[in-house]
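Now for the letters of each chain:
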Amino acid sequence: MPTAGILILRMGLQQFERRLERLVEGAFAKAFRGQLQPVELGRRLTREMDLRRTVGIKGLIAPNHFDVYLATADYERFENFGEVLNRELIEAVREHAGQERYQFLGPVEIVIHEDPDLSTSTFAIESDWVEGAGGPSDWIVLPDGRRVGIADEIVTIGRLPECAIALEDPNVSRRHAQIRREGLDVVIVDLGSTNGTKVNGVTVREHRLLPGDRITIGTTTLRFEPA
């Protein structure tokens, strides 16, 4: 792997670990001291994606459904804030998919189960590809009328040909911005581009998109359109 690729991978892993480590700060710190850490689950989830990715028509497809099996003691501790943990793990999976340019067949789902046969601090993960019933629920409309669906994977906009929305414009950075889901919202995030990202004429670093919002990347204007 080229040096630049290694650096990007390491940076992505560090960001991912910091995200999950926030779960064990404050009120949850005592519950996890010396015990199974959420970041261990996250690392195994991303490893599962890497090991089980497969080649699809439009690129690499990663599993999007994960069953996580925990020992009884760990399950009981995690159950106290299961909703928060589940949400953060799903976001970590989405971010890893964006960094590795994986696609999903449907929404990301993580189900945590209790397994009394497991020893404390051990766990197991099973993964599968589950096709979504409805397809993309939101769209980015390009100037020529083409539409790019926003499902569960991160949509990257930039000058590189492998970006989901590739723009041949010298004013656009190689990886300029990303559009991704955060819960029920769709947000656009500028990736430190040289010339910035605008929504409705205002420069933004991160912005929750609303119906009809106009996104300007370089000299190109895109439109956000919910289904």
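Please refer to the structure placed before this passage.
The shown structure was predicted, so the numbers you read here are calculated from the model rather than taken from an experiment.

(A) Quick look at the overall build of the protein chain. Summing up its helical and strand segments, the protein chain has five helices and 16 strands in all. Counting over 227 residues, the protein chain shows a buried share of 42%. Long-range pairs, those at least 24 residues apart, make up 58% of the contacts in the protein chain between residues at least 6 apart in sequence.

(B) Broad picture of unusual backbone geometry. Backbone geometry places Ser121, a non-glycine residue, at a positive phi of 75 degrees. Following the sequence through the fold, Ser121 ends up in the loop between strand E4 (109-114) and strand E5 (123-128). The exposure class assigned to Ser121 is partly exposed, which follows from its relative accessible area of 34%. Residue Asn200 is not a glycine yet carries a positive backbone phi of 55 degrees. Relative to the assigned elements, Asn200 resides in the loop between strand E12 (197-199) and strand E13 (202-204).

(C) Here's a closer look at the pattern of salt bridges. Applying the stated criterion to the full structure yields three salt bridges. Asp74 serves as the salt-bridge partner of Arg77, at 2.4 Å between the closest nitrogen and oxygen. Taken together, the residues span about one helical turn, with Arg77 and Asp74 both in helix H4 (residues 72-79) at a distance of three residues. Like Arg77, the residue Asp74 is buried in the burial classification. The partner of Arg180 in a salt bridge is Glu182, and the shortest N-O contact between them spans 3.7 Å.

(D) Up close: helix H3 (residues 38-52). Its 15 residues place the ends of H3 21 Å apart at the C-alpha level, agreeing with the 21 Å of an ideal helix rising 1.5 Å per residue. Buried within H3 are the following residues: Pro38, Val39, Leu41, Gly42, Leu45, Thr46, Glu48 and Met49.

(E) View of the sheet that holds strand E6 (residues 138-141). Spatial ordering of the open sheet is given by E7-E6-E16-E15-E12-E13, a layout of six strands whose pairing is antiparallel. The open sheet has two edge strands with one neighbour each: strand E7 (147-150) and E13. Ignoring strand direction, the axes of neighbouring strands in this sheet form an average angle of 30 degrees.

Rules used throughout
- Residues numbered from 1 in each chain as written.
- Predicted model: local features only at pLDDT ≥ 70, side-chain atom pairs only at ≥ 80, totals over all residues.
- Heavy atoms only, no water.
- Helix = DSSP H or I, 4+ residues; strand = E, 2+ residues; numbered from the N terminus.
- Buried < 20%, exposed > 50% of the residue type's maximum accessible area, 1.4 Å probe, protein only.
- Contact = heavy atoms within 4.5 Å.
- Salt bridge = Lys/Arg side-chain N within 4 Å of Asp/Glu carboxyl O.
- Expected span 1.5 Å × (residues − 1).
- Pairing = 2+ DSSP bridges.
- Axes fitted to C-alpha atoms, helices over the stretch in contact; angles between N-to-C directions.

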